[in-house]
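Here is how the chains run, residue by residue.
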Amino acid sequence: MSTLITGSFAYDTIMVFRDQFKNHILPEQLHILNVCFLVPDMRKEFGGCSGNISYNLHLLGGEPVPMGTVGQDFAPYRNWLEKIGLDYRHVKEIPNTYTAQAFITTDTDDNQITAFHPGAMNHAHENKISEATNIDIGIVAPDGRDAMIEHAAQFADANIPFFFDPGQGLPMFDGDQLNRFIEQSNYVVVNDYESEMLIDKTGKSLAQIARQVEALIVTRGGDGCDIYANDTQIHIAPIKISGIKDPTGCGDAFRSGLLYGVANQWDWQSTGQLASVMGGIKIEQTGTQNHQPSKSDIESRYKENFATAISL
């Protein structure tokens, strides 16, 4: 089933400062802050929610159709999408802009200082859901504010079932807007912190939100996730991993499992377990699109952790 994945495309520039920020930032001098961090370790990764989810769904053998906006510097990312065989016909290049960029500096305490430039993402509302044909299911992932509002409405108007995944974009919306997203969507997926913010802004409990959609999924990091569906709560355990290399992009990998399971009409237990496998595989590798498990690798990890065989 074709899955339309609306969301951001971005370059992530990740730098490592081999010291602690606190040794170089003086609290009493914050009003005249002027510091320079030497970062001998740096890497540039392909990222963004639409790009990451599409990449992982492609690994599963799904049919991702990414939709987003990029800038004049898109060529390396385009070459990557062509290399792995992802259809990018609905990725629109905006002249005289840059692709969204995150510049992340991490110290030895795993503290981070991030600068984010949205760039072409601010034009994401120029893409229309109607421009993509033969779509069976979709997701509204973090993107430009107007794009998320308009794409959710367009999915609903077209009667295409979709996930609402506010992610780091959640603070952009007030309670009325979030309630509208919930009313329009078929599924809602958030992490545990975002779930508390959703409760606070909408004035509704998780149980109340769950009754408005087919399923509410709340991820809880190393504690797995909870799926609220059909008036029941299902807990999905995390898989066993060899070690944590990089949590960036794990949520996007997890969402690919949800999309695959729903598109293939799996039950929620199996769907959640596949999502757990994808998140676990991702966290063992640095970068968001560097893990390359085969479908048989994914099937094996699933069976090892949940004692049940699947066929992708």
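Residues numbered from 1 in each chain as written. Predicted model: local features only at pLDDT ≥ 70, side-chain atom pairs only at ≥ 80, totals over all residues. Heavy atoms only, no water.

Caption draft 1: Highlighting the nonpolar core. Counting 37 residues, the largest nonpolar core has Leu60, Phe163, Ile217, Ile227, Trp268, Leu274 and Ile298 as the members making the most contacts within it. The element contributing the most residues to this core is helix α7 (residues 250–263), with 7 residues. In this structure, Ala152, Phe155, Phe164 and Val188 belong to the second largest nonpolar core, which totals 29 residues. (Core = buried A, V, L, I, M, F, W, Y, C linked by side-chain atoms within 4.5 Å. Buried < 20%, exposed > 50% of the residue type's maximum accessible area, 1.4 Å probe, protein only. Helix = DSSP H or I, 4+ residues; strand = E, 2+ residues; numbered from the N terminus.)

Caption draft 2: The packing of aromatic side chains, seen in detail. In the structure shown here, the tally under the stated rule is 18 aromatic pairs. For the pair Tyr11 and Phe46, a centre-to-centre distance of 6.2 Å together with 45° between the ring planes defines the contact as tilted. Here Phe46 lies in strand β3 (residues 41–47) and Tyr11 lies in strand β2 (residues 10–16), a separation of 35 residues in the sequence. Since its relative accessible area comes to 4%, Tyr11 is described here as buried. What links up through ring pairs into an aromatic cluster is the set Phe9, Tyr11, Phe46, Tyr55, Phe74, Tyr77 and Trp80. A cation over a ring is seen here: Lys44 above Tyr11, with NZ or CZ 4.8 Å from the ring centre. (Phe/Tyr/Trp six-rings, centres within 6.5 Å; stacked < 30°, edge-to-face > 60°. Lys NZ or Arg CZ within 6 Å of the ring centre and 35° of its normal.)

Caption draft 3: Just helix α4 (residues 175–184), in detail. Every buried residue belonging to α4 is among Gly175, Leu178, Asn179, Phe181, Ile182 and Gln184, and all of these are buried. Along its buried surface, α4 packs onto α3 (145–157), β9 (162–164), β10 (187–191), α5 (192–202) and α6 (206–212). Sitting at the amino-terminal end of α4 is Asp174, which places a side-chain oxygen 3.2 Å from the backbone nitrogen of Asp176. (Contact = heavy atoms within 4.5 Å. Polar contact = N/O pair within 3.5 Å; in protein donor to acceptor, adjacent residues only side chain to side chain.)

Caption draft 4: Region of the structure containing the pattern of salt bridges. If you walk through the whole model with that rule in mind, you get 11 salt bridges. In this structure, the salt-bridge partner of Asp41 is Arg18, at a minimum N-O distance of 2.8 Å. Here Arg18 lies in the loop between β2 and β3 and Asp41 lies in strand β3, a separation of 23 residues in the sequence. For Arg18, a relative accessible area of 56% gives the class exposed. A salt bridge links Arg220 to Asp226; its shortest N-O distance comes to 2.6 Å. Residue Asp226 is classed as buried on the basis of its relative accessible area, which comes to 7%. Where salt bridges share partners, they join Arg43, Glu45 and Asp246 into one cluster. (Salt bridge = Lys/Arg side-chain N within 4 Å of Asp/Glu carboxyl O.)

Caption draft 5: Structural detail: the pairing of strand β5 (residues 90–93). As paired elements, strand β4 (residues 63–70) and β5 share 4 bridges and run parallel to each other. Within β5, the residue paired with Gly68 across the bridge is Val91. (Pairing = 2+ DSSP bridges.)

Caption draft 6: Molecular detail of the layout of surface pockets. The computed volume of the second largest pocket comes to approximately 150 Å³. Surrounding the second largest pocket, Ala207, Ala210, Arg211, Val213, Glu214, Tyr228, Ala229, Asn230, Asp231, Thr232 and Gln233 form its lining. Only α6, β12 (225–229) and β13 (232–236) provide two or more residues apiece to the lining of the second largest pocket. By residue number, the principal contributor to the lining of the second largest pocket is α6, which donates 3 residues. For the lining of the second largest pocket, a count of residues per class yields 5 nonpolar, 3 polar and 3 charged. (1 Å grid on protein atoms, 1.4 Å probe; cavity = no way out; pocket = protein on both sides within 12 Å on 5 of 7 lines; lining within 4 Å. Points joined across faces, edges and corners; volume = space filled by probe spheres on them. Nonpolar A, V, L, I, M, F, W, Y, C, P; charged D, E, K, R; others polar.)

Caption draft 7: The sheet that holds strand β7 (residues 112–117), seen in detail. Taking strand neighbours across the sheet as the criterion, the 4 strands line up as β3-β2-β6-β7 in an open arrangement whose pairing is mixed. Lying at the two open borders of the sheet, with one neighbouring strand each, are β3 and β7. Averaged over all pairs of adjacent strands, the angle between their axes in this sheet comes to 15°, without regard to strand direction. Sheet topology note: the β2/strand β6 (residues 100–106) ladder contains 7 bridges and is parallel. When the sheet's bridge partners are listed, Asp12 is paired in β6 with Ala102. (Axes fitted to C-alpha atoms, helices over the stretch in contact; angles between N-to-C directions.)

Caption draft 8: Inspection of a negative patch on the surface at higher detail. A cluster of acidic side chains, namely Asp192, Glu196, Asp200 and Asp223, defines a negative patch on the protein surface. Take Asp223: it is sitting in the loop between β11 (215–219) and β12. (Patch = residues over 30% accessible without salt bridge, like charges linked within 9 Å, V, L, I, M, F, W, Y side chains within 5 Å. Areas by Shrake-Rupley, 256 points an atom, 1.4 Å probe, with all protein chains shown as cover. Lys, Arg positive; Asp, Glu negative; His and termini not counted. Charge placed at Lys NZ, Arg CZ, Asp CG, Glu CD.)

Caption draft 9: Here's a closer look at unusual backbone geometry. The phi torsion at Asn134 lies on the positive side, around 55°, for a residue other than glycine. Mapped onto the elements, Asn134 comes out in the loop between β7 and β8 (137–140). A positive phi angle, close to 55°, is found at Asn230, a residue other than glycine. By the secondary structure assignment, Asn230 is in the loop between β12 and β13.

Caption draft 10: Structural detail: the environment of Thr248. Note that Thr248 resides in the loop between β13 and α7. The exposure class assigned to Thr248 is partly exposed, which follows from its relative accessible area of 32%. Separated by 36 residues in the primary sequence, Thr248 and Glu284 have C-alpha atoms spaced 11 Å apart. Sequence-distant contacts of Thr248, defined by excluding residues within four places in its chain, comprise Lys282, Gly287 and Thr288. Separated by 3.0 Å, the side chains of Thr248 and Asp246 make a polar contact.

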